[in-house]
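# Results of the structural survey
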Amino acid sequence: MVPTSKRPRQPVVAVTGAASGLGRELLARLAHSADFRRVVAIDDQRGDVQDVTWRVIDVRDPLLANRISDIDVLVHLAGDYAVDSDPGERRAYNLRAAQTVLTASAAARVRRVVLVTSAMVYGAAADNPVPLPEDGAVAAEPDTGVVGDYLEIEALVRRAIRSNTGLEVTVVRPAAVVGPGVDTVITRHFESPRLLTVKGCTPRWQFCHTDDLVSALELAARGVVTGVVAVGSDGWLEQEQVEELSGIRRFELPAGLTFGTAQRLHRLGITPAPATDLHYVVYPWVVDCAALREAGWKPAWTNEAALEQMLELRENRTTVVGRRLPVKEATLTAAGATVAVIGTAAIVRQVRKKRRL
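A brief structural summary. Nothing here was measured: the structure is a model prediction, and the numbers come from that model.

## A short note on the pattern of salt bridges
Following the criterion strictly, the structure yields 18 salt bridges and no others. A salt bridge links Asp72 to Arg111; the nearest nitrogen and oxygen atoms lie 3.4 Å apart. One end of the pair, Asp72, is in the loop between helix H2 (64-67) and strand E4 (73-76); the other, Arg111, is in the loop between helix H3 (87-107) and strand E5 (112-116), and 39 residues separate them in sequence. Here Arg111 falls in the partly exposed class, since its relative accessible area comes to 43%. Several salt bridges share partner residues, and in doing so they unite Arg9, Asp72 and Arg111 into one network.

As structure tokens, then:
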């Protein structure tokens, strides 16, 4: 009798940041997957997903290595990327979390780590090719915003790979993420009365719905795609299409005025994000999702559908240069092309008045 070969043992997968947000969405999907023997949820609080093993620990804790000694694949989704977070505290948390996860995974002999950064690391520029190649250069400007966090995390990944040859790390870079609960510079751009544009350059818009990001992360966890993986909806939308679909008209300014004013407002503490973050709403950074496409993956969401849902989720908020306005403050803004300038001037006057008191 010819012996039959044994089926390879199914791996054990863990997800950090599993109690909420993207981590919870992926955890719920993996909990019903036949591709993993066991699913482990890691967070500093227990979540509500059933049929998984919960391990309550802060991912920055050096003892993490002891809690993942039985893990084959770890998807790291614990992070703070809130627009309004203190930049120093946010970066300290994100880098400490990523560093601890990578070090602990190497020590515990985890075979594969999957991390999410952003296609923002390619940089947004007027002369970017559309789309950017997946293996293109990382050209974003280091800054105090979330883009700077992503750049630092990817630097940690490169060092970890050099130091631990047995550790496989997959970096997933989504386009502009949209979906329930998502609050970014991009989503706030569409809460504005006008869409800011820069003279002489037309942005192209590509979105990545959280549903598609989760499905891509599952493929990465299974090892179907490895290395650097870009993810987003197929193709892109021209600015004219976005304006037609959203009903929001553009507000065009010279580049120097736009970025100079934005940086001054950021230094005053009026706007939450540095001026470099505005690059991502006025310049193209569309990505080619070659690895996923070659693996047979297809996004469930089109750019049009993702934009439509994002607009539905605005909940009547009003945002000017990245800062959400209270309802009474928003009434100060005027209709027409001067709305952003008037809104910003109102904020500046209010801040100066408070400082004089």
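## Brief notes about the pairing of strand E1 (residues 12-16)
Remark: a regular strand shows side chains that alternate across the two faces of the sheet. Of all the 5 residues making up E1, 5 are buried; the element is thus mostly covered by neighbouring parts of the structure. Of the two faces of E1, the one carrying Val12, Ala14 and Thr16 and the one carrying Val13 and Val15 are both buried. With 5 bridges joining them, E1 and strand E2 (residues 38-43) adopt parallel strand pairing. Paired with Thr16 across the bridge in E2 is Ile42.

## Structural notes on the nonpolar core
Leu27, Val75, Ile186, Phe190, Phe207, Leu217 and Trp285 are the most contacted members of the largest nonpolar core, which has 75 residues in total. Sorting elements by how many residues they give to this core places helix H6 (residues 210-222) first, with 7 residues. Apart from residues no more than four positions distant in its own chain, Leu27 is found in contact with Val15, Ala18, Val39, Val40, Ala41, Val49, Val52 and Trp54. Judged by nonpolar contacts, the second largest core, of 28 residues, contains Ile42, Ala65, Ile68 and Val113.

## With respect to the state of the cysteines
Counting across every chain of the model gives 0 disulfides. Cys208 takes part in no disulfide bond, and the closest cysteine sulfur to it belongs to Cys289, at a distance of 7.6 Å. You can call Cys208 buried: its relative accessible area is 1%.

## Regarding unusual backbone geometry
As a rule of thumb, non-glycine residues mostly have phi less than zero, and peptide bonds are mostly trans rather than cis. Here the residue pair Val130 and Pro131 is connected by a cis peptide bond, since its omega of 5° sits within 30 degrees of zero. Among the secondary structure elements, Pro131 is positioned in the loop between E5 and helix H4 (146-163). Of note in this structure, Arg109 is not a glycine but carries a positive phi near 60°. One can find Arg109 in the loop between H3 and E5.

## Regarding the sheet that holds strand E6 (residues 168-174)
An order of E3-E2-E1-E4-E5-E6-E11 is seen for the 7 strands of this open sheet, with the pairing classed as parallel. Edge strands, defined here as strands with exactly one partner in the open sheet, are strand E3 (53-56) and strand E11 (228-231). For this sheet the average axis-to-axis angle between neighbouring strands, irrespective of direction, equals 20°. Alignment of E4 against E5, held across 4 bridges, turns out to be parallel. Counted as the bridge partner of His76 is Leu115 from E5.

Reading the values: rules and limits
- Residues numbered from 1 in each chain as written.
- Predicted model: local features only at pLDDT ≥ 70, side-chain atom pairs only at ≥ 80, totals over all residues.
- Heavy atoms only, no water.
- Salt bridge = Lys/Arg side-chain N within 4 Å of Asp/Glu carboxyl O.
- Helix = DSSP H or I, 4+ residues; strand = E, 2+ residues; numbered from the N terminus.
- Buried < 20%, exposed > 50% of the residue type's maximum accessible area, 1.4 Å probe, protein only.
- Pairing = 2+ DSSP bridges.
- Core = buried A, V, L, I, M, F, W, Y, C linked by side-chain atoms within 4.5 Å.
- Contact = heavy atoms within 4.5 Å.
- Disulfide = S-S within 2.5 Å.
- Axes fitted to C-alpha atoms, helices over the stretch in contact; angles between N-to-C directions.

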